[in-house]
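In case you want the letters, here they are:
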Amino acid sequence: MGRTALITGITGQDGSYLAEFLLAKGYRVAGVVRRLSSPNLSNLRAVQDRVELVDGDLIDQSSLNQAVKSVVPDEVYNLGAQSFVGTSFAQPALTGEITGLGTLRLLEAVRTNAPTARFYQASSSEMFGHVATEPQDEQTPFHPRSPYGVAKVYGYWATVNYREAYSIFAANGILFNHESPRRGLEFVTRKITDGVARIVTGRSESLTLGNLDARRDWGFAPDYVELMWRSLQANAPGDFVGATGEAHTVREFVEEAFAAAGVTDWQRYLRTDPRFNRPAEVFNLRGSAAKAKRELGWEPRTHFRELVKIMVEADLERYRGR
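Each value, and the rule that gives it
- Residues numbered from 1 in each chain as written.
- Predicted model: local features only at pLDDT ≥ 70, side-chain atom pairs only at ≥ 80, totals over all residues.
- Heavy atoms only, no water.
- Helix = DSSP H or I, 4+ residues; strand = E, 2+ residues; numbered from the N terminus.
- Expected span 1.5 Å × (residues − 1).
- Buried < 20%, exposed > 50% of the residue type's maximum accessible area, 1.4 Å probe, protein only.
- Axes fitted to C-alpha atoms, helices over the stretch in contact; angles between N-to-C directions.
- Parallel < 35°, antiparallel > 145°, perpendicular 65-115°, else oblique.
- Left-handed = near helix turned anticlockwise from the far one by under 90°.
- Contact = heavy atoms within 4.5 Å.
- Phe/Tyr/Trp six-rings, centres within 6.5 Å; stacked < 30°, edge-to-face > 60°.
- Salt bridge = Lys/Arg side-chain N within 4 Å of Asp/Glu carboxyl O.
- Core = buried A, V, L, I, M, F, W, Y, C linked by side-chain atoms within 4.5 Å.
- Arc of directions from axis to C-beta.

(A) Representation of helix H6 (residues 188-200). Compared with an ideal rise of 1.5 Å per residue, which puts 13 residues at 18 Å, H6 spans 18 Å between its outermost C-alpha atoms and is within 8% of the ideal. For H6, the full list of buried residues reads Thr 189, Arg 190, Ile 192, Thr 193, Asp 194, Gly 195, Val 196, Ala 197 and Ile 199. At the exit of H6 stands Gly 202, carrying a positive phi of roughly 80°.

Printed below as a string of structure tokens:
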């Protein structure tokens, strides 16, 4: 009998790729979903009949207790969150409840109902925020610049605390930005690739963005779910940065996206609007995954230009009805 994994956020980008990855390794996979009248399962389309969905909510302790008790997991992956940085400024308390305290609730559910299960916490490069040095690694101090980043710092330290206080195998993955065609349209990378596809197919005349000079370390989501899994196969629990080691500006992403669609005069389509700028911006994030490579044998396989091309081509195919 294979191992059993329980995933929060299974319907999202990372959760769906992780479910596919684990199923291919022979896992029994269960996912926590909020009870909705019509849950969005589109990302799970390829494997929906092979995963078990259980009711649960990161703001409800009893539902998490029941989910863990019923599934009896060997591994728990906490990928559920209010994960959009922009929304966290508009809904800071809700972000704290879900992204911060939700992690604590799930850790407590594991401690009381499956104490031998291995626990993965999806931490974020947004915890670094205002950085003084680069690249950022596991020793870089946190200085979050958004309610989302603050909530992720809480979840990070809660994970460390349960590891130290209760000897739970609990690992943090401090992942830098990772994208894919399954990324939500509210995220800047997908807004760009979708916008380019709309322009090329005649559905739009321009693309409007905020700060074009912010620099990010962008990788491909399927590469990063392997790091999540590897972090729970280690001999001892630890915290690991996942990153490509390269940083590119939003402007470079736009240029590369138009190039992938065969458009050279991209500047004529680009607009900027300060309303899309964050109240407190994070300007330069670039990570070092040296520890993950050294201890887990992990490194990203997909580079920046290939990532952008994958996303643009997927959005073009979607609009062309293929």
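(B) Seen up close, the packing of helix H2 (residues 61-71) against helix H4 (residues 92-113). Contact geometry for H2 and H4: axes closest at 9 Å, N-to-C directions at 45°. Between H2 and H4, the crossing angle belongs to the class labelled oblique. Considering only the axes of H2 and H4, their crossing is right-handed. Each of Gln 61, Leu 64, Asn 65, Val 68 and Lys 69 in H2 lies in contact with H4, whose residues at this interface are Gly 102, Arg 105, Leu 106, Glu 108, Ala 109, Val 110, Thr 112 and Asn 113.

(C) Broad picture of the packing of aromatic side chains. Overall, the coordinates contain 13 aromatic pairs when judged by the stated rule. Summarising the aromatic geometry, the rings of Phe 84 and Phe 187 are spaced 5.4 Å apart at their centres and angled 70° between planes, so their arrangement reads as edge-to-face. Taken together, the positions of Phe 84 in the loop between strand E4 (75-78) and helix H3 (85-90) and Phe 187 in the loop between strand E7 (178-179) and H6 put the pair 103 residues apart, joining distant regions of the chain. The buried category is assigned to Phe 187, whose relative accessible area is 13%. Between Tyr 156 and Trp 157, the aromatic rings sit 5.0 Å apart at their centres with planes inclined by 90°, giving edge-to-face as the arrangement. Accessibility expressed as a relative area gives 6% for Tyr 156, which makes it buried. Exposure remark for Trp 157: the relative accessible area of 47% places this residue in the partly exposed category. In this structure an aromatic cluster arises from ring pairing among Phe 128, Phe 142, Tyr 156, Trp 157 and Phe 176.

(D) Expanded view of the pattern of salt bridges. A complete count under the given rule lists 22 salt bridges for this structure. The salt bridge involving Arg 182 is made with Glu 20; its shortest N-O contact spans 2.8 Å. Highlighted residues: Arg 182 in the loop between E7 and H6 and Glu 20 in helix H1 (residues 13-24), separated in sequence by 162 residues. For Arg 182, a relative accessible area of 22% puts it in the partly exposed group. For Glu 20, a relative accessible area of 23% translates into the label partly exposed. Of the charged contacts in the structure, one is a salt bridge between Asp 273 and Arg 275, with a shortest N-O distance of 2.7 Å. Judged by relative accessible area, Asp 273 falls into the buried class, the value being 15%. Residue Arg 275 is classed as exposed on the basis of its relative accessible area, which comes to 71%. The structure contains a network of salt bridges with shared partners spanning Arg 190, Asp 194, Asp 315 and Arg 318.

(E) Up close: the nonpolar core. Counting residues in each nonpolar core, the largest one holds 36 residues, and the members touching the most others are Ile 7, Leu 22, Val 29 and Tyr 77. Contributing elements (two or more residues each) for this core: strand E1 (4-8), H1, strand E2 (28-33), strand E5 (118-124), strand E6 (170-175), helix H7 (221-231) and helix H9 (290-296). Beyond its immediate sequence surroundings of up to four residues, Val 29 is in contact with Ala 5, Ile 7, Ile 10, Ala 19, Leu 22, Leu 23, Arg 50, Val 51 and Glu 52. By size, the runner-up hydrophobic cluster in this structure holds 27 residues, among which are Ile 192, Leu 209, Phe 253 and Leu 270.

(F) Structural context of helix H10 (residues 304-319). Relative to the 22 Å expected for 16 residues at 1.5 Å per residue, H10 spans 23 Å between its end C-alpha atoms, a close match to the ideal helical length. Burial in H10 covers these residues: Phe 304, Leu 307, Val 308, Met 311, Val 312, Asp 315, Leu 316 and Tyr 319. Burial along H10 is one-sided: seen end-on, the buried residues are contained in an arc of 160°. Positive phi appears at Gly 321, one or two residues downstream of H10, with a value of about 75°.

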